[in-house]
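Read off the chains here:
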Amino acid sequence: MAYHTHRTRREEEDDVVVVVLTLALLASLKVSRNRCYLTRPVLVSPNNSPWQILRASGDEKAFIITTGLSPAMFNYVLDCGFRLAWDVSTITRHDVSDNGKPRPNRRSIDADAVLGLVLHYLNSCMAQFTLQEIFGIVPSVCTRYIRRGLQILLEILRVRVPEAKIKWPKSSELQLYSELIRAQHPMLRKGFGFVDGLHLPVEASGDIETQNAYYNGWVHAHFTSNVFVFSPLGTILYAAINAPGSFHDAAVARELYQKLLYQTERGYWLIADSAFPAT
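Residues numbered from 1 in each chain as written. Predicted model: local features only at pLDDT ≥ 70, side-chain atom pairs only at ≥ 80, totals over all residues. Heavy atoms only, no water.

Per an unreviewed UniProt entry, the protein goes by DDE Tnp4 domain-containing protein and derives from Lipomyces starkeyi NRRL Y-11557.

Written as structure tokens, this is what we have:
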């Protein structure tokens, strides 16, 4: 007489976990003595990389979903000084002088691709080996180019791109924003923007006090707390960033309340959820 055992879904899931862990252990035993990284022979040529195909297409939707910018804005940032700064500056490394003569023709990718690399890095949570495959560059090059590209982009946005400046709206702008919102939601009178918090994950610190400060009990993880105010045009009107994750959004936005009270025309307000009382 045959007996059939009825397994629960939990037991089946446990078996799957055991198989995955076993395979991971076997893989680690084989490669534990060797570092795993992508090398030049297994990567596509930077001149024929997925990025170059996207760049050549000029497809606006593809650009926005991968870089966060339209092709026109991408070119605008390049022409505002990013391309020039990349070509005339030295990429810092331990065996190269900071004052050495730059050699842009010897670099793996040009300024266009570096800006694309930096924007991919900022606009997604993908691992760096994925970026290396997309741009056709080895790990060391990817790391250095991201670091130098971020430095250049920050400098360009601060000095050369006035549209990137975060500024509190004037009275005329308050009226414009409120009218745009009311056109979509007639009952919202004099609401000129939207405020919300954002939690960004960070690694747990080795210092107990720092680790405790950045631990967010609500989501049970380590975060920085950030608060942003957006206009109906999508521009950022205010930003409070990198506060310890244990801080409540309302506490992070303390300076914002001061702006609403003393730098905003009476009667105008922000649209928010219950985390921001009386905004």
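**Some thoughts on the packing of aromatic side chains**
Short version of the rule: Aromatic rings from Phe, Tyr and Trp, with only the six-membered ring used for Trp, were paired whenever their centres fell within 6.5 Å, and each pair was classed as stacked if the ring planes differed by under 30 degrees, edge-to-face if by over 60, and tilted otherwise. The way it works is that DSSP assigns letters per residue, a run of H or I at least four long becomes a helix, a run of E at least two long becomes a strand, and they are numbered from the N terminus. Buried means the residue's accessible area, taken with a 1.4 Å probe over protein chains only, is under 20% of the maximum for its type, while exposed means over 50%, and partly exposed covers the values in between. Lysine NZ or arginine CZ positioned within 6 Å of the ring centre and within 35 degrees of the ring normal marks a charge as sitting over the ring.
Counting across every chain of the model gives seven aromatic pairs. Arranged with centres 5.7 Å apart and planes meeting at 50 degrees, the rings of Trp51 and Phe74 form a pair that is tilted. With Trp51 in helix 2 (residues 50-57) and Phe74 in helix 4 (residues 71-88), this pair connects stretches of sequence that are 23 residues apart. The residues Trp51 and Phe74 share a single accessibility class, namely buried. Considering the side-chain rings of Trp51 and Phe135, the 5.6 Å spacing of their centres and the 25 degrees angle between planes classify their relative orientation as stacked. Remark: Phe135 occurs in helix 6 (residues 128-135) and Trp51 occurs in helix 2; sequence separation between them is 84 residues. Comparing Trp51 with Phe135, the two get one shared label, buried. Feature note: the residues Trp51, Phe63, Phe74 and Phe135 constitute an aromatic cluster, connected by ring pairs. The residue whose ring lies beneath Arg107 is Trp86, and the NZ or CZ to ring-centre distance is 4.9 Å.

**Re the pairing of strand 1 (residues 191-201)**
Using the following cut-off: At least two DSSP bridges between two strands are required for those strands to pair.
In this sheet, strand 5 (residues 269-271) lies alongside strand 1 in parallel orientation, the contact comprising three bridges. Bridged to Gly191 within strand 5 is Trp269.

**Concerning the nonpolar core**
What counts here: Here, nonpolar core refers to any group of buried Ala, Val, Leu, Ile, Met, Phe, Trp, Tyr and Cys residues whose side-chain atoms link them within 4.5 Å. Note on definitions: a residue-residue contact is assigned when non-hydrogen atoms from the two residues lie within 4.5 Å.
Ranked by size, the top nonpolar core spans 30 residues in total, and within it Trp51, Phe82, Leu115, Leu117, Phe135 and Tyr145 carry the most contacts. Of all the secondary structure elements, the ones that give two or more residues to this core are helix 2, helix 4, helix 5 (111-123), helix 6 and helix 7 (139-159). Apart from residues lying up to four places away in sequence, Phe82 is in contact with Val77, Ala111, Val114, Leu115, Gly149, Ile152, Leu153 and Ile156. Core analysis: the second largest hydrophobic core is formed by 19 residues, Leu237, Ala243, Val252 and Leu260 among them.

**Examining the side chain of Asn226**
Definition in use: Polar contact is defined as a pair of N or O atoms within 3.5 Å, subject to the rule that within protein one atom must be able to donate a hydrogen and the other to accept it, and that residues adjacent in sequence are counted only when both atoms are side-chain atoms.
Mapping Asn226 onto the fold places it in strand 3 (residues 221-230). Within the structure, the side chain of Asn226 is placed 3.3 Å from the backbone oxygen of Thr224, a separation counted as a polar contact.

**So, the environment of Leu200**
Relative to the helices and strands, Leu200 resides in strand 1. We classify Leu200 as partly exposed; its relative accessible area is 38%. Separated by 23 residues in sequence, Leu200 and Phe223 have C-alpha atoms that sit 5.2 Å apart. Once you skip the residues sitting within four places of it in the chain, Leu200 turns out to touch His222, Phe223, Thr224 and Asn226.

**What about a nonpolar patch on the surface?**
Rules: Patches were defined on residues exceeding 30% relative accessible area and lacking a salt bridge, with like-charge contacts within 9 Å and nonpolar side-chain contacts (Val, Leu, Ile, Met, Phe, Trp, Tyr) within 5 Å. Computed with the Shrake-Rupley method and a 1.4 Å probe, the accessible areas treat only the protein chains shown as cover for residues. The working definition used for a salt bridge is a side-chain nitrogen of Lys or Arg within 4 Å of a carboxyl oxygen of Asp or Glu.
Taken together, Ile166, Phe194, Phe230 and Ile236 make up a surface patch of nonpolar side chains, about 300 Å² in accessible area. Structurally, Ile236 can be placed in strand 4 (residues 236-244).

**A few points about the side chain of Thr264**
Positionally, Thr264 belongs in the loop between helix 11 (254-262) and strand 5. Classification of Thr264 by relative accessible area gives buried; the value is 10%. There is a polar contact of 3.0 Å between the side chain of Thr264 and the side chain of Trp168. In this structure Thr264 touches Trp168, Leu174, Phe192 and Lys259, once residues within four positions along its chain are discounted.

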